[in-house]
Amino acid sequence: MSAAWEVVIGLEIHAQLATKSKIFSGSPTAYGAEPNTQANLVDLGYPGVLPVLNKEVVRMATMFGLAIGATVARRSVFARKNYFYPDLPKGYQISQLELPIVEHGELFITDANGNEKRIGVTRAHLEEDAGKSIHEGLDASSGIDLNRAGTPLLEIVSEPDLRSAKEAVAYMKKIHTIVRYLGISDGNMQEGSFRCDANVSVRPMGQEELGTRAELKNLNSFRYIEKAINIEVERQIDLIEDGGKVVQETRLYDSDRDETRSMRSKEEANDYRYFPDPDLLPVEISEEFIEAVRATMPELPAAKEARFVDEYSLKGDDAGILTASRPLADYFEAVIAATDAPSQIAANWVIGDLAGALNRDGLDIEDVKISADELAGLVNRIHDNTISGKIAKQVFEAMWEGEGSADDVIEARGLKQITDSSAIEAVVDKVIADNPGQVAEYQAGKDKLIGFFVGKVMQETKGQANPGQVNQILKDKLQS
Amino acid sequence: MSLDKEQVHHIALLARLKLSDAEYAESVEKLSRIVDFVDQLSQADTTGVVPMAHPLDAAQRLRPDVVTETDNRDRYQENAPAVVDGLYLVPKVIE
Amino acid sequence: MMDMHLQTMTELAAGLEKGDFSSVELTQTLLDRVAALDDRLNAFVTVTAAEALLAAARADAARAAGNVGALNGLPIIHKDIFCTRGVKTTCGSKMLNNFISPYDATVVEKLAAAGAVVLGKSNMDEFAMGSSNETSFFGPVRNPWDLECSPGGSSGGSSASVAARFAPAATGTDTGGSIRQPAALTGTVGIKPTYGRVSRYGMIAFASSLDQAGVITRSSEDAARVLGVMAGFDERDSTSIDHPVPDYLATIGDSIKGLRVGIVRQHFDAGLDEQTGARVKAAIAVIESLGATTVEVDLPNIDLSVPTYYVVAPAECSSNLSRFDGVRFGHRAENAEDLLDLYCRSRGEGFGDEVKRRIMTGAYVLSAGYYDAYYLKAQQVRQLIADDFKKAFADVDVIAGPTAPSPAFKLGDKVDDPIQMYLNDIYTIGANLAGLPAISVPCGFVNDMPVGLHLVGPHFGEEVLLRCGHQYQQQTEWHKACPEAFQ
């Protein structure tokens, strides 16, 4: 990318709220049901039916507003966005325009230089999702499934504060973490419960005025967002450098061809004729309601990270990694609660072997095969020198395979560390006696041979001798 | 005429209404009269008046997050003109 | 009983109670009348004879068992805008000519629970858009007082049915006068309650912020009886108000001595037919004779109520009617080339001229570049009009005037002039814009055609309107007159 251009990105994230029923009707919101079996008369837009707002969505939006330091509107208004599309049964989407429920929030990401950067959140508003169209296997027709119609969405709109695809992804991950921490969305991107549109433009470096933007629709994975934005930025720069002009339009990212292309169908007659929905009254939120929600707020990722650094003295990025998801952080804290070992040892195990095993088996922390208590048991045996760190890896694998607790595995496999000095001395004596040549070389000044002797001792003890003791005894005996 | 044929075409497209040529001609004339009639509103001094969206000064009531309905697809689809495997059919939507 | 059809609900209830006749007998009598006479009026879209007789038999059985609802065994008719489960619900439109509702409107549920027997669904202006019943896909309804004339609209099938003694009561809906104007034009009583008083759930929406269900009867007392059942909070309608429903019948006999009656000067100016004005003034004099006092009140912005309405109502209707797209229910064009063609032709074929006109007007006033000048402006003027009423009700208990500018006009007279048609609702629209309750009570005849007295009350003032109407009807016989051909 040319250094002469500055990229400007704003994201509109759609987070599906994790309610049991829909935003305006009592239909279930579960994913994956048979077509149209979760669409009632309200969702179908039958003549005569009316919407009634779900209390839970108001609580969830309030919680999100508080989490990003935003203003939660004491009065917000639903409006109708009018357009015809088969997945939109009423011919209008109930959304919020002029008075959204959340405004003026912010959060912080780390930019390319490692500095903290503020990203403004213009607004977050409540709206209903549309259904979906199915095009396969129906010849000249499309089939409409309205199960998703009326599912509650929180649309989170950022300021155009993002300056690269990487920043956009970092911001989106932050929002993703927050909504999952709050428990207001499952954030499942495969199922479409967390997706975004990106407004992308470029301008000559130093120019105040924004360039013409294109809107990239329906980006539903972190990888695609980054790729789609980069491709679109390239397209715009190439276009302008070739003397062309960016047109304000909606574009779709095609991951197969790795290109964005214009969605002309969306452009035609793009006049949504918004007006306040006369079927719904203004939503009024009291100070008491906001305070009650505030009282139930969980600790948020940034605060938790700071506390982890403070409380557990973790090194480097460990606190950040452990707080990336609430279940992971909770797991770590449960391990800490069950061990007296230094927190860093527990952190190393959670971030290292445990995360590795989860990743290898494609599991989430919720499906972990070793409970926090069990992992603490393993950490305890390392800490009290029952086993070495190296043996512990073997024990961990056995525990993962379901062979029982750390103690069970150590016992069954006879892995208990040898800490009895006289036992170790006997082995050391034997190794010295068996290798007179290497002893002579060592004593002549070839210090590096210490590794050879340690290896021999560990071999003899099947790795169960305490490495610190082995080192010390070897050095003492070889010098004499 | 305060509306011309082109405007009426645009409005008819926005509203997804197919009109015959005769209907277009009539619509231009009648819609123009209606628009001229409602233009009286411009006489009113509404400086500082808050627009009234609703006849009652009340707040939205909230319902509990409870699933109240199970599958009634078959009954609801009795009115549907074209259904296959539980899907409502429309001419192919191309994107 | 020879004259069951001539009796009011109150009289019929007494007859049923005494065992003079059964609900089955009553229902059969009225169904026979409909079968014999409705060809002249075209007041029904659907007659539900079998269901009605079944309901009547159930009502008789319930009475025998001692369980009696407030309307047990009493016949009513529903305007075909109310969804009725398992029964065709057309809203007067080709669009819904094939539509069988899978559910009951709240109003339908409540009346059924009270034991009412539904004879059928009444004809109406298409989607309630009209003041003459001429926009119905099923043809115009005729006025029983003169078959050449309109019975008013949009609840014209309901008003004609009650006037023709097909039933003692029929439900209606009123967005700009659609209960009261047809009541006035047919010599019946029509009440539109406070916005939010009756649930809108299951009532096919025309303009959501203006629509309100009510009832057409022959006496205020009957209106009180039916409204008491229809009214009340409904958790399925966010705009329904959780406010206790008074016992309207309990106070209807109370005196109106000391009642302050407001008279709006503009309501008696050039737009009003002189003789109609004279009947209304005479009616107000009767009310004064009962101890009420009159006060002149000013509604400075009321002249703008019709243009305000013709922005707000079309705007809301253009959006409300978008759901009729030929996909899930309703008329679908054949052999559509593509999606756009399916939409445009299904809607183009399914909707009639007036509905299309209002949808287009609404799309226009909401569209980019015109929203502020029309829609927002209309909402501001609506506020001014509502404020005017609020000020007026600080000094008066009701506002009295004419319901419509003239008696019933000839079918075909105004059909080509939308503005003339719209002006028929000039006195009634204000109540819808402000969400106020209002009633029309028969107050005499001009050239043998009935005219109505219009009373508007403050929010939740149904009780005073019904009482005032009843006290007036105790002094007058206008509502007892029956069109000659329907005696």
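These notes cover the structure that comes with them. Keep in mind the model is a prediction, meaning the values are calculated, not measured. (Residues numbered from 1 in each chain as written. Chains lettered and ligands numbered in written order. Predicted model: local features only at pLDDT ≥ 70, side-chain atom pairs only at ≥ 80, totals over all residues. Heavy atoms only, no water.)

Counting its regular elements, chain A contains 16 helices and 17 strands. What you see for chain A is a C-alpha radius of gyration of 30 Å, clearly larger than the 23 Å of a compact globule of 480 residues, by over 25%. Dimensions of chain A, computed from C-alpha atoms along their principal axes, come out at roughly 95 × 55 × 50 Å. In chain A, which comprises 480 residues, the proportion classed as buried is 54%. (Helix = DSSP H or I, 4+ residues; strand = E, 2+ residues; numbered from the N terminus. Rg over C-alpha atoms; globule rule 2.2 N^0.38 Å. Buried < 20%, exposed > 50% of the residue type's maximum accessible area, 1.4 Å probe, protein only.)

What follows covers the side chain of T386(A). Residues and elements named next belong to chain A. Note that T386 resides in the loop between α10 (372–383) and α11 (389–400). Owing to a relative accessible area of 14%, T386 belongs among the buried residues under this scheme. Among the polar contacts listed, one links the side chain of T386 to the side chain of D384, at a separation of 2.4 Å. The contact partners of T386, leaving out residues within four places of it in the chain, are R381, I410, L415, K416 and Q417. (Polar contact = N/O pair within 3.5 Å; in protein donor to acceptor, adjacent residues only side chain to side chain. Contact = heavy atoms within 4.5 Å.)

Here the focus is the packing of aromatic side chains. To describe a pair of aromatic rings, one takes the distance between the centres and the angle between the planes. For the structure on display, the rule yields 34 aromatic pairs over all chains. Here the aromatic rings of Y46(A) and Y76(B) are separated by 6.3 Å at their centres, their planes lie at 50°, and the arrangement is tilted. With Y46(A) in the loop between β1 (5–16) and β2 (53–54) and Y76(B) in helix α3 (residues 73–76), this residue pair bridges two chains. For the pair Y46(A) and Y76(B), a shared accessibility class is recorded, and that class is buried. (Phe/Tyr/Trp six-rings, centres within 6.5 Å; stacked < 30°, edge-to-face > 60°.)

Now for the sheet that holds strand β6 (residues 92–95) of chain A. Pairing within the open sheet is antiparallel, and its three strands lie in the order β6-β5-β16 (chain A). Each edge of the open sheet is held by one strand with a lone partner, namely β6 and β16 (275–276) of chain A. Running over the sheet, helix α10 (residues 305–320) of chain C touches β5 (79–82), β6 and β16 of chain A and is turned about 60° from β5(A). (Pairing = 2+ DSSP bridges. Axes fitted to C-alpha atoms, helices over the stretch in contact; angles between N-to-C directions.)

Moving on, we get to the pairing of strand β3 (residues 117–122) of chain C. Residues and elements named next belong to chain C. β3 sits mainly inside the fold: five of its six residues count as buried. Bridge count between strand β1 (residues 44–47) and β3: three bridges; the pairing is antiparallel. Looking across to β3, one finds that V47 is bridged to G120. For strand β2 (residues 75–79) and β3, the ladder comprises four bridges, and the chain directions are parallel.

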